[in-house]
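The chain contents come next:
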Amino acid sequence: MSESFPRLSARTRRFTLGVPRGFTISPDGGRVVFLRTKSGTDPVTCLWELDTETHVERLVIDPRTLSQDEENLPPEERARRERSREQAGGVVAYSTDKDVTTAVFALSGALHVADLASGEVRGLDTPGPVIDPRLSPDGRHVAYVTGGALRVQDLATGADLALATPESPTVTYGLAEFIAAEEMDRMRGHWWSPSSDALLVERADEAPVRTWYIADPANPARPATEQRYPAAGTPNADVQLFVFGLDGSRVAVPFEEEYLAAASWDSHALSIVTLTRDQKTMRLFDVDPATGASTLVREDTDPAWVDIVSGVPAHLDDGSLVWVAASEGGHRLFVGDRAVTPPTLQVRAVLDVDHDSVLFSASGGDPADIHLWTWDGHSLLPVSTRSGVFSGRMAGGVGVLSEQTLDAEGVSTTVVRRDGTGIPVPSYAERPGLDLRVSLGRSGRRELSTAVVLPSWHEQGSARLPVLMDPYGGPHAQRVLNRRGAYLESQWFAEQGFAVIVADGRGTPGRGPDFERAVLNDLATPVLDDQIDALQGVAEQYPDDIDLSRVAIRGWSFGGFLAALAVLRRPDVFHAAVAGAPVTDWRLYDTCYTERYLGDPEKQPEVYDKSSLFADAAKLERPLLLIHGLADDNVVAAHTLRLSSALLAAGRPHSVLPLSGVTHMTPQEVVAENLLLLQVDFLKKSLG
């Protein structure tokens with residue numbers, strides 16, 4: 001390699017640049033539109049189109065030709081990208097009309113419209129920087145948000161109308177509030193009607209939400225950034241819904257529950273999904289857009305919590321509801337009132353509905369595999385069969401299949417035509433240049449999904465290696481997957497002389513509701529016990545390769561919490577830890593995520609105390625490195641600073657690495673590269 005892995009990983013945004021993504025298939029299946037950068041080190045995303053008849057790929061939009069300053073992003077767009085973990089620039093999102101003939105997008109706050117047939121792109125005049133433009137199904141109007149107002153522009157005449165204007169600085173129309181974007185994967189706040197004459201619009205008022213101040217101590221001349229952050233047990237934003245007609249009409253859509261989890265508007269229904277504050281009850285309503293009256297269609301309850309699943313609600317051509325819910329020990333696909341998947345198949349997401357067929361992702365016997373399936377109205381059919389992680393789209397009888405496996409590097413994408421022939425969509429991603437040596441299996445008493453990553457140069461049985469546990473370990477996230485990209489950093493750490501162990505314990509997805517709900521009211525004990533269980537299981541499988549007298553653990557976000565927890569509560573097992581952006585007191589984390597697992601801190605303070613790290617500060621006797629971005633607005637730096645203060649008060653030495661100007665994603669190239677190098681140096685010194 002001409003570059004070291006840490007430098008190349010940072011430059012390529014962890015090898016995500018150059019990978020095709022964001023696919024849209026035209027209703028006739030004749031064209032596929034998608035996003036991709038021009039190389040594996042190019043951070044500027046372009047819009048492309050593939051003709052499925054001629055197999056010809058065409059560059060439609062290159063942002064460099066539009067003379068826009070990518071650095072000059074509106075604050076709302078920076079926040080949206082942080083919530084969606086977007087690492088690239090350029091055209092990172094777009095919207096098309098129903099026939100996929102026209103696309104709109106925002107570039108550095110400027111609104112553009114593109115004719116996909118001719119490739120002609122023109123800028124549109126707007127009264128301010130644009131967020132989340134959405135084209136109407138008929139392609140005649142574009143709705144967008146600027147200054148908290150929802151506006152609609154007629155593409156033919158240029159007439160621009162404000163449908164809803166904020167009544168105060170804390171109000172926005174048409175945007176998803178923080179909790180929806182960060183914790184419910186709902187990134188949008190306005191939805192066009194199928195007839196293109198009205199929109200369902202969210203009104204969010206952050207006035208009830210407490211204000212936090214995120215300062216940059218490295219630049220004292222800059223004022224602190226005000227952040228409305230709904231910490232556990234405190235008020236959320238006030239969310240309301242309205243139907244706005246292009247004729248100026250306004251109809252309220254009232255609902256009683258705390259959260260708006262999802263919304264959709266198709267030819268069958270205007271649907272909204274609501275969730276109670278305790279997240280034990282989810283309700284699906286059909287709404288009359290003329291009156292705002294709602295009819296309850298379905299109610300799901302669970303004594304722990306009800307999961308939000310992406311892609312639903314949806315409808316088949318005959319109007320049958322497509323839904324996902326926990327039933328008989330599994331996450332199951334429902335069509336109408338009937339479960340069409342067995343409890344042993346854990347449905348992850350609904351990806352598309354094409355007339356009478358449903359495309360969805362699910363895990364069967366091995367949670368490390370995520371396969372594609374279809375329900376065609378009569379039977380279940382597997383789309384992918386070999387081990388790996390698959391995703392896709394489907395429309396007009398044409399499919400897009402994205403595949404990741406342990407056998408091949410990167411992402412392989414194929415457009416599958418109606419006749420079954422495939423058209424490869426090239427990926428320009430860089431090759432990591434690592435000799436991957438990963439073994440996947442089950443370990444410990446609970447048969448936990450585990451990956452063991454050894455150095456490529458290590459001869460099995462020749463020496464006992466120091467161990468590095470490399471988990472995330474928290475709910476709704478998974479590290480052990482049958483794809484090479486999941487282990488690149490782990491393999492690099494292994495090359496530095498470690499036996500790296502990645503284990504998914506209770507709370508992680510893919511093994512069913514009971515396994516996930518084992519963390520209810522305790523985010524500390526089960527996840528830590530399972531890391532130890534996996535470690536001991538691997539030691540039994542590799543008795544001559546694992547040195548249990550030298551065990552370190554590293555992690556980020558929930559993984560950072562788990563790493564710090566490990567050395568504080570089990571120093572007999574863990575001898576050093578690197579905790580990046582850790583949650584240290586769950587009272588400081590947001591409402592939706594935290595209360596889902598721990599409830600209300602006012603009603604269950606003992607539950608929060610049990611999962612907090614502060615009471616364990618005096619127990620520290622192992623090396624601990626805390627890393628935190630000072631601009632992090634998700635897990636704010638107060639988590640690390642308060643733990644550091646508690647450790648200092650207890651007289652316990654530790655190290656803190658503050659990162660000025662860095663958010664939760666650490667996208668900066670120099671920061672991302674050197675973070676890896678500094679962690680290795682710390683771990684080697686700590687373990688001797």
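Owing to the predicted nature of the structure, the values given are computational and were not obtained by experimental measurement. (Residues numbered from 1 in each chain as written. Predicted model: local features only at pLDDT ≥ 70, side-chain atom pairs only at ≥ 80, totals over all residues. Heavy atoms only, no water.)

**Remarks on the overall build of the protein**
Okay, so step 1: Tallying secondary structure elements over the protein gives eleven helices and 44 strands in all.
Okay, so step 2: Rg of the C-alpha trace for the protein: 25 Å, near the compact-globule value of 26 Å for 688 residues, within the 12% margin.
Okay, so step 3: Dimensions along the principal axes, computed over C-alpha positions, put the protein at roughly 70 × 55 × 55 Å.
Okay, so step 4: Taking all 688 residues of the protein together, the buried fraction comes to 58%.
Okay, so step 5: Long-range contacts, defined here as pairs at least 24 residues apart, represent 59% of the contacts in the protein between residues at least 6 apart.
Okay, so step 6: As displayed, the protein has an accessible area near 26400 Å², and 49% of this comes from carbon and sulfur atoms. (Helix = DSSP H or I, 4+ residues; strand = E, 2+ residues; numbered from the N terminus. Rg over C-alpha atoms; globule rule 2.2 N^0.38 Å. Buried < 20%, exposed > 50% of the residue type's maximum accessible area, 1.4 Å probe, protein only. Contact = heavy atoms within 4.5 Å. Areas by Shrake-Rupley, 256 points an atom, 1.4 Å probe, with all protein chains shown as cover.)

**What about the environment of Pro-471?**
Okay, so step 1: Here Pro-471 is to be found in the loop between strand 39 (465-469) and helix 4 (488-495).
Okay, so step 2: With a relative accessible area of 3%, Pro-471 lands in the buried category.
Okay, so step 3: For the pair formed by Pro-471 and Pro-426, sequence separation is 45 residues and the distance between their alpha carbons is 32 Å.
Okay, so step 4: The contact partners of Pro-471, leaving out residues within four places of it in the chain, are Arg-479, Ala-503, Gln-531, Ile-553, Arg-554, Gly-555, Gly-559 and Leu-562.

**Here's the deal with the nonpolar core**
Okay, so step 1: By size, the foremost hydrophobic cluster in this structure holds 87 residues, and its most contacted members are Trp-323, Leu-333, Phe-574, Trp-586 and Leu-624.
Okay, so step 2: When sequence neighbours within four positions are dropped, the list of residues in contact with Trp-323 reads Val-273, Met-282, Leu-284, Arg-298, Asp-300, Val-312, Pro-313, Arg-332, Leu-333 and Phe-334.
Okay, so step 3: Within the second largest apolar cluster, 32 residues are counted, among which are Leu-8, Ala-451, Ala-494 and Val-662. (Core = buried A, V, L, I, M, F, W, Y, C linked by side-chain atoms within 4.5 Å.)

**A short note on the sheet that holds strand 28 (residues 338-339)**
Okay, so step 1: If you walk across this open sheet you meet the four strands as 25-26-27-28, and the pairing is antiparallel. Strand pairing shows two members of the sheet lacking a second neighbour, strand 25 (314-315) and strand 28, which therefore form its edges. (Pairing = 2+ DSSP bridges.)

**Description of the side chain of Thr-96**
Okay, so step 1: Positionally, Thr-96 belongs in strand 6 (residues 95-96).
Okay, so step 2: Residue classification places Thr-96 among the buried residues on the basis of a relative accessible area of 17%.
Okay, so step 3: When sequence neighbours within four positions are dropped, the list of residues in contact with Thr-96 reads Thr-24, Thr-102, Ala-103 and Leu-135.

**Digging into the sheet that holds strand 6**
What holds strands together in a sheet is hydrogen bonding between their backbones, with the strands either parallel or antiparallel.
Okay, so step 1: One open sheet holds the four strands; their spatial order is 6-7-8-9, and the pairing between them is antiparallel. Edge strands, defined here as strands with exactly one partner in the open sheet, are strand 6 and strand 9 (121-124).
Okay, so step 2: Where strand 7 (residues 102-107) lies against strand 8 (residues 110-115), six bridges are found, and the strand directions are antiparallel. From the neighbouring strand, Ala-106 faces strand 8, where its bridge partner is Leu-111.

**Description of helix 7 (residues 558-569)**
Okay, so step 1: The end-to-end C-alpha distance of helix 7, which contains twelve residues, comes to 16 Å, matching closely the 16 Å that a straight helix rising 1.5 Å per residue would cover.
Okay, so step 2: For helix 7, the tally of buried residues reaches eleven of twelve residues, placing the bulk of the element in the interior.
Okay, so step 3: Phe-558, Gly-559, Gly-560, Phe-561, Leu-562, Ala-563, Ala-564, Leu-565, Ala-566, Val-567 and Leu-568 are the residues of helix 7 that are buried. (Expected span 1.5 Å × (residues − 1).)

**What to know about the pairing of strand 22 (residues 270-275)**
Okay, so step 1: For strand 22, the tally of buried residues reaches six of six residues, placing the bulk of the element in the interior.
Okay, so step 2: Residues of strand 22 alternate between two faces, with Leu-270, Ile-272 and Thr-274 on one and Ser-271, Val-273 and Leu-275 on the opposite face, all of them buried.
Okay, so step 3: With six bridges joining them, strand 21 (residues 259-265) and strand 22 adopt antiparallel strand pairing. Bridged to Ala-263 within strand 22 is Ile-272.
Okay, so step 4: In this antiparallel pair of consecutive strands, strand 21 and strand 22, the connection spans four residues.
Okay, so step 5: Taken together, strand 22 and the strand that follows it, strand 23 (residues 281-287), pair antiparallel across an intervening segment of five residues, in which Gln-279 is found at a positive phi of about 65°.

**Description of the side chain of His-628**
Okay, so step 1: By the secondary structure assignment, His-628 is in strand 43 (residues 624-629).
Okay, so step 2: Its relative accessible area of 2% is what places His-628 among the buried residues.

**Some points on unusual backbone geometry**
Okay, so step 1: A cis amide bond links Val-312 to the next residue, Pro-313, at an omega of 5°.
Okay, so step 2: Despite not being glycine, Arg-14 shows a phi value in the positive range, around 60°.
Okay, so step 3: Position of Arg-14 relative to the elements: it lies in the loop between helix 1 (5-11) and strand 1 (21-25).

**Overview of the environment of Val-389**
Okay, so step 1: With respect to the element layout, Val-389 can be found in strand 33 (residues 389-395).
Okay, so step 2: Using a relative accessible area of 11% as the deciding quantity, one classes Val-389 as buried.
Okay, so step 3: Linking Val-389 and Ile-370, residues 19 residues apart in sequence, is a C-alpha distance of 4.7 Å.
Okay, so step 4: Setting aside residues no more than four positions away along its own chain, Val-389 makes contact with Ala-368, Ile-370, Ser-402, Glu-403, Gln-404, Leu-481, Asn-482 and Arg-483.

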